[in-house]
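Inside the fold
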Amino acid sequence: MIENMGEQVEDIINIITGTDSTSGTGTNTNAKVNGQLLFCDAKNQSELNDFIDSERPKLVALVGFANYGKSTFIGALYELLIQNLNYSGYSFVDSDTYVGFERRVFLRRINDEDTSDTKRNVLGENDILNLVLRSKEGKIHQVILSDKAGETYLKYTSSDDEVKDDRVLENADLIVFFVDAEVDTQKLADHILIAEKYEGLLTRLKAQHKITALTSYIMVYTKIDKVVSDERRKKLADRKKKLSAIFTENIGKEPDQIYEVNSKDLNHNTLNQVFEKIISPLTSVEAAKELDWVKMEIDNQK
Amino acid sequence: MESTNILLAGLPAAGKSTYIAALWAVEKDGKSGHLLTCDERPSESFYVDGMSDNWTVLKEVRRTTFAQPVEIVLPMKRQNTGKKINLSLPDFKGEIFQQILDNSVSSDVVAWCEKSQGVLFMLNLGNSSPEMLQEQISDTTKPRVELEKVVLLPNDIDPAIQNVLLLKYLYSKMGDCPIALCFSSWDSADYSDGQDVEEWVKANHPCIYNYVSAHFTNYRYYGISAQGADYTELDEKSGDELAEKATRKERAYVYRNKISYDITEPLDFLILGMR
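Quick summary incoming for the structure in this document. All values reported here derive from a predicted model rather than from experimental measurement.

Residues and elements named next belong to chain A. Ordered by their spatial adjacency, 7 strands build an open sheet running β2-β3-β4-β1-β5-β6-β7, and the pairing between neighbours is mixed. Looking along the sheet, the strands with just one partner apiece sit at the ends: β2 (90–94) and β7 (257–260). The mean inter-strand angle of the sheet, taken between neighbouring strand axes irrespective of direction, is 25 degrees. Pairing analysis gives 5 bridges linking strand β1 (residues 58–63) to strand β4 (residues 140–147), with the strands arranged parallel.

What follows is the structure, given as structure tokens:
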């Protein structure tokens, strides 16, 4: 009886938040909340097998809390890919999640100031997106992006159970951690909260072996256009050092790179550098890595 | 007589019906000298006659509203070989194709995908650059935010991506078949004289070009003006001139790198590619 009640409560929470952390089969939940999903909508991690091909895809996890600018960032990448015949040496030739990208761009289009992850989460938006890219030489490679709503990572900071079912982070070829530069350069208390939240998240990820010293990761400070004055710039420099130290301590290595971007300016140099890092194919060494996440998915299906 | 089924596909207002109207109006007398022309009158032609009547009097061809597609069968002849072909095209209403984006696929579409050997794909994306399209969407899309609820509808998807999604569906059903992609309302398109239409697609709709070139080996782009002009811009004199062009069979045209009044070129390309 109590178990049933517990399940019911969890179901209700899942419907409200649009997530299904227990089984990963978010589709039905989504359908309840959002009506039918559209053709080529985003997938959830239980559908990762759909993307398995002869070549190992590159898996990139985008991690950040609500309103840190992940959707705007991913929307900017998508817009650059669909608007250019060739972007950074690659043509965007296919995706099984065009509509997943469109949802992120749509949120940005309808109201720039009101595109919180909360709304996305209520929508039950799935997190897995894929890009099929073709190089100038005609070689095809695939990039899979995980763009979970910020609330999911907030839950991760407080519960091992929430973290343990995550299959993306431990297998990610690259993790991109987002920080809202605008908020981080305001009151000290805001910066402390950001640092605490990340410390909480990283501690649990480390404890659950989702991140290790072998993890390749970068930090991306978004909304950098809002950090203009010298005072704010100085604060940013100081606080960046402090936050990256927390990352270094928990992950066991320094970030590969720290970027400052304005995702609303598609010509922003640094933004394009990050995108290039994300969409470039795996190196031959990376590609030779064991297909742990693929195996795991196959085992789960047995 | 050999039968050829071609799937006429496109989203709402892509120009599918207008193309059929113009095709029938120009080719029904069998005197065009075009690559394909009517060999004989079909036993029944009420439907296409009604469409081409509107075309003749410079009225918008009524958009298809029937839930089920009307199958149009035209007995045609290839001029250079004399070979006779029974050409079958479905006149679907565009909403049926748009429903595919909503994961709701009509069994009629599935049936036509299975029996067709090629696709005549119509698009009406205007001549806007991708950026301009985005701005238009921003201006016209009313915020759909109600408290914590935001709903994305198929119409909210970038128009070029809507077409990519439809192409993706057709590819999943029909594979790498011959496909002619026709950009309608070409009379109002922004292109430079002599510009190759494929180059125009690369510049204006790169996501469509990239998808098509990566999936189809036998494809060709066309600009097409089935009406010959924008009716809203016609006065009596220019209307008379357009009607006069119709009598010379020089009103509707296709474009690849120059204007051709043979609007059967895309169909002929598909038929040749089926071999």
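From this point on, the discussion continues.
Side chains of nonpolar character tend, in soluble globular proteins, to be buried together. Grouped together as the largest cluster of nonpolar side chains are 120 residues, with contacts concentrated most on A:Leu131, A:Leu145, A:Tyr198, A:Leu243 and B:Phe121. With 9 residues, the single largest contributor to this core is helix α6 (residues 159–174) of chain B. Look past the residues within four positions of A:Tyr198 in its chain and what remains in contact with it is A:Val63, A:Gly64, A:Phe65, A:Tyr68, A:Phe177, A:Phe178, A:Val179, A:Leu243 and A:Phe247. Among the nonpolar cores identified, the runner-up in size contains 41 residues, and B:Leu8, B:Ala14, B:Ile20 and B:Cys38 belong to it.

This part takes up the environment of A:Tyr198. Residues and elements named next belong to chain A. Its location among the elements puts Tyr198 in helix α9 (residues 188–207). Sequence-wise, Tyr198 and Gly64 are 134 residues apart; in three dimensions their C-alpha atoms are separated by 8.7 Å. Here Val63 takes part through its backbone oxygen, which lies 3.4 Å from a polar atom of the side chain of Tyr198.

Moving on, we get to helix α1 (residues 16–27) of chain B. Residues and elements named next belong to chain B. Under the 1.5 Å per step criterion, the end-to-end length of α1 is 16 Å for 12 residues, consistent within 8% with the ideal 16 Å. The buried fraction of α1 is high, at 12 of 12 residues. Every buried residue of α1 is accounted for by Lys16, Ser17, Thr18, Tyr19, Ile20, Ala21, Ala22, Leu23, Trp24, Ala25, Val26 and Glu27.

Bringing the pattern of salt bridges into the picture now. A side chain of one charge can pair with a side chain of the opposite charge if their charged atoms are brought near each other. Enumeration according to the criterion identifies 24 salt bridges over all chains in this entry. Ionic pairing is found between A:Arg204 and A:Asp160, a salt bridge with its closest N-O pair at 2.9 Å. One end of the pair, A:Arg204, is in helix α9; the other, A:Asp160, is in helix α7 (residues 160–164), with 44 residues separating them in the sequence. Note on A:Asp160: relative accessible area 34%, which makes it partly exposed. With a closest N to O distance of 3.4 Å, A:Lys164 and A:Asp161 form a salt bridge. Placement of the pair is A:Lys164 and A:Asp161 together in helix α7, with a separation of 3 residues, close to one helical turn. Each member of the salt-bridge network shares a partner with another, and the members are A:Asp94, A:Asp96 and B:Lys168.

Residues and elements named next belong to chain B. In contact at an axis separation of 8 Å, α1 and helix α2 (residues 46–56) are set at 90 degrees when each is read in the N-to-C sense. For the element pair α1 / α2, the angle class is roughly perpendicular. Every residue of α2 that contacts α1 at Ser17, Ile20, Ala21, Ala22, Trp24, Ala25 and Val26 is listed here: Val48, Asp49, Met51, Ser52 and Trp55. Grouping the constituent residues of the contact of α1 with α2 by class yields 9 nonpolar, 2 polar and 1 charged.

Here the focus is the packing of aromatic side chains. Residue and element names in this part refer to chain B. Here the structure, examined in full by the defined rule, presents 25 aromatic pairs over all chains. Taking the centre distance of 5.4 Å and the plane angle of 80 degrees together, the rings of Tyr171 and Phe216 count as edge-to-face. With Tyr171 in helix α6 and Phe216 in the loop between α8 (206–215) and β9 (219–225), this residue pair connects regions lying 45 residues apart in the sequence. Consider the rings of Tyr191 and Tyr255, whose centres lie 4.6 Å apart with planes at 55 degrees: the pair is tilted. Of this pair, Tyr191 sits in the loop between β8 (179–183) and α7 (197–204) while Tyr255 sits in strand β10 (residues 253–255), and the two are 64 residues apart along the sequence. We classify Tyr191 as partly exposed; its relative accessible area is 22%. Tyr255 gets classed as buried once you look at its relative accessible area, which sits at 2%. Among the aromatic residues, ring-to-ring pairing joins Phe183, Trp186, Tyr191, Trp200, Tyr209, Tyr219, Tyr221 and Tyr255 into one connected group.

What follows is about the environment of B:Gly228. Residues and elements named next belong to chain B. Note that Gly228 resides in the loop between β9 and α9 (236–247). Between the alpha carbons of Gly228 and Arg256 there is a distance of 16 Å; along the sequence they are 28 residues apart. Filtering out sequence-adjacent residues up to four positions away, Gly228 remains in contact with Asp187, Leu242, Arg251 and Tyr253.

Residues and elements named next belong to chain B. One open sheet accounts for 9 strands, arranged β2-β3-β4-β1-β5-β8-β9-β10-β11; its pairing is mixed. Whereas interior strands pair on both sides, the edge strands pair on one side only; in this sheet they are β2 (36–38) and β11 (259–260). Where strand β3 (residues 70–78) and strand β4 (residues 84–91) come together, 8 bridges link them in antiparallel fashion. Bridging from a neighbouring strand, Pro75 pairs with Asn86 of β4. Along the sheet, α1 makes contact with β1 (2–9), β2, β3, β4, β5 (118–123) and β9, crossing β2 at roughly 75 degrees.

Conventions and cut-offs
Residues numbered from 1 in each chain as written. Chains lettered and ligands numbered in written order. Predicted model: local features only at pLDDT ≥ 70, side-chain atom pairs only at ≥ 80, totals over all residues. Heavy atoms only, no water. Pairing = 2+ DSSP bridges. Helix = DSSP H or I, 4+ residues; strand = E, 2+ residues; numbered from the N terminus. Axes fitted to C-alpha atoms, helices over the stretch in contact; angles between N-to-C directions. Core = buried A, V, L, I, M, F, W, Y, C linked by side-chain atoms within 4.5 Å. Buried < 20%, exposed > 50% of the residue type's maximum accessible area, 1.4 Å probe, protein only. Contact = heavy atoms within 4.5 Å. Polar contact = N/O pair within 3.5 Å; in protein donor to acceptor, adjacent residues only side chain to side chain. Expected span 1.5 Å × (residues − 1). Salt bridge = Lys/Arg side-chain N within 4 Å of Asp/Glu carboxyl O. Parallel < 35°, antiparallel > 145°, perpendicular 65-115°, else oblique. Nonpolar A, V, L, I, M, F, W, Y, C, P; charged D, E, K, R; others polar. Phe/Tyr/Trp six-rings, centres within 6.5 Å; stacked < 30°, edge-to-face > 60°.

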